[in-house]
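If you want the building blocks of each chain, they are given just below.
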Amino acid sequence: IVKYFRNTHMSAARYKAAGGKALVMLQDVRWNTMEHSLESYLQNWPIILQVCEKHRGEIDRNIANKVKNIGIKRNAEDFLIRLKPISVALDRVQSDTCVISKTVEIWKDPEKTFEENDQPISVLKHVKELLQSNNDRFPFFSQSVRSSI
């Protein structure tokens, strides 16, 4: 849907004329573009729906059906709720001032969020397993870092 409204000239023009903001395309080489793409789609969904309704003849029927499918929108909302804490953690980890000891603390926040929402994930468990299984490959981790995990 986002790709269509960004790359199809007439649809993009109708979307911009209706007051739509810039839609973010998913890029494989950028970590948080999935979250940004979903967020921009959901924020602009009413405008996209309005354009599809007003200009039925000009909009691709498959795209219009996907926009009108409330199940797709609900799935995007649910996925964004799960993705947001991970995106925030990634932004914090990628900062210039982040150190390995802070990374452990940063990844505890999404884990708490997932536990509160009964999501079966343990980021720290996976980090701990990685460090234990790759002890020879990562000798620079001190024993105190390993024990804190």
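Residues numbered from 1 in each chain as written. Predicted model: local features only at pLDDT ≥ 70, side-chain atom pairs only at ≥ 80, totals over all residues. Heavy atoms only, no water.

Caption draft 1: Examining helix 5 (residues 70–93) more closely. Taking 1.5 Å per residue as the helical rise, helix 5 with its 24 residues ought to reach 34 Å, and the 35 Å between its terminal C-alpha atoms agrees with that figure. Of all the bends in helix 5, the largest measures some 35 degrees and sits at Leu83, one to four residues before the proline Pro85. When we look at burial in helix 5, the residues that qualify are Lys73, Ala76, Leu80, Leu83, Pro85, Ser87, Ala89 and Leu90. Where helix 5 begins, one side-chain oxygen reaches toward the backbone nitrogen of Gly71, 2.9 Å away; that side chain belongs to Asn69. (Helix = DSSP H or I, 4+ residues; strand = E, 2+ residues; numbered from the N terminus. Expected span 1.5 Å × (residues − 1). Bend = angle between axes of the 7 residues up to and from the residue. Buried < 20%, exposed > 50% of the residue type's maximum accessible area, 1.4 Å probe, protein only. Polar contact = N/O pair within 3.5 Å; in protein donor to acceptor, adjacent residues only side chain to side chain.)

Caption draft 2: Quick look at the side chain of Ser11. Along the polypeptide, Ser11 turns up in helix 2 (residues 9–17). Residue Ser11 is classed as buried on the basis of its relative accessible area, which comes to 2%. Side chain to side chain, Ser11 and Tyr4 meet in a polar contact 3.2 Å long. The contact partners of Ser11, leaving out residues within four places of it in the chain, are Tyr4, Phe5 and Ile59. (Contact = heavy atoms within 4.5 Å.)

Caption draft 3: Examining the nonpolar core more closely. Ranked by internal contacts, the top residues of the largest apolar core, which has 20 residues, are Phe5, Tyr41, Ile48, Cys52, Ile59 and Val67. With eight residues, helix 3 (residues 33–54) is the largest single contributor of residues to this core. (Core = buried A, V, L, I, M, F, W, Y, C linked by side-chain atoms within 4.5 Å.)

Caption draft 4: A look at the confidence of the model for the chain. With 75% of its residues at a pLDDT of 70 or more, the chain shows a mean pLDDT of 81. Helix 4 (residues 61–68) holds the highest mean pLDDT among the elements of the chain, 96, whereas helix 8 (residues 143–148) holds the lowest, 47. (pLDDT = per-residue confidence, 0-100.)

Caption draft 5: The arrangement of the packing of helix 3 against helix 5 in detail. The interhelical angle for the contact between helix 3 and helix 5, taken along N-to-C directions, is 135 degrees, at an axis separation of 9 Å. Our classification of the angle between helix 3 and helix 5 gives oblique. Classified by chirality, the crossing of helix 5 by helix 3 is left-handed. Contacts between helix 3 and helix 5 pair Met34, Glu35, Leu38, Glu39, Tyr41, Leu42 and Trp45 from the former with Ile70, Lys73, Ala76, Glu77, Phe79, Leu80, Leu83, Lys84 and Ser87 from the latter. (Axes fitted to C-alpha atoms, helices over the stretch in contact; angles between N-to-C directions. Parallel < 35°, antiparallel > 145°, perpendicular 65-115°, else oblique. Left-handed = near helix turned anticlockwise from the far one by under 90°.)

Caption draft 6: Local environment of the packing of aromatic side chains. Per the stated rule, a full pass over the model turns up two aromatic pairs. A ring pair is formed by Tyr4 and Phe5, whose centres lie 5.5 Å apart and whose planes are at 80 degrees; its orientation type is edge-to-face. We classify Tyr4 as buried; its relative accessible area is 16%. Judged by its relative accessible area of 2%, Phe5 falls in the buried class. The ring of Trp45 carries the charged tip of Lys73 above its face, separated from the ring centre by 4.8 Å. (Phe/Tyr/Trp six-rings, centres within 6.5 Å; stacked < 30°, edge-to-face > 60°. Lys NZ or Arg CZ within 6 Å of the ring centre and 35° of its normal.)

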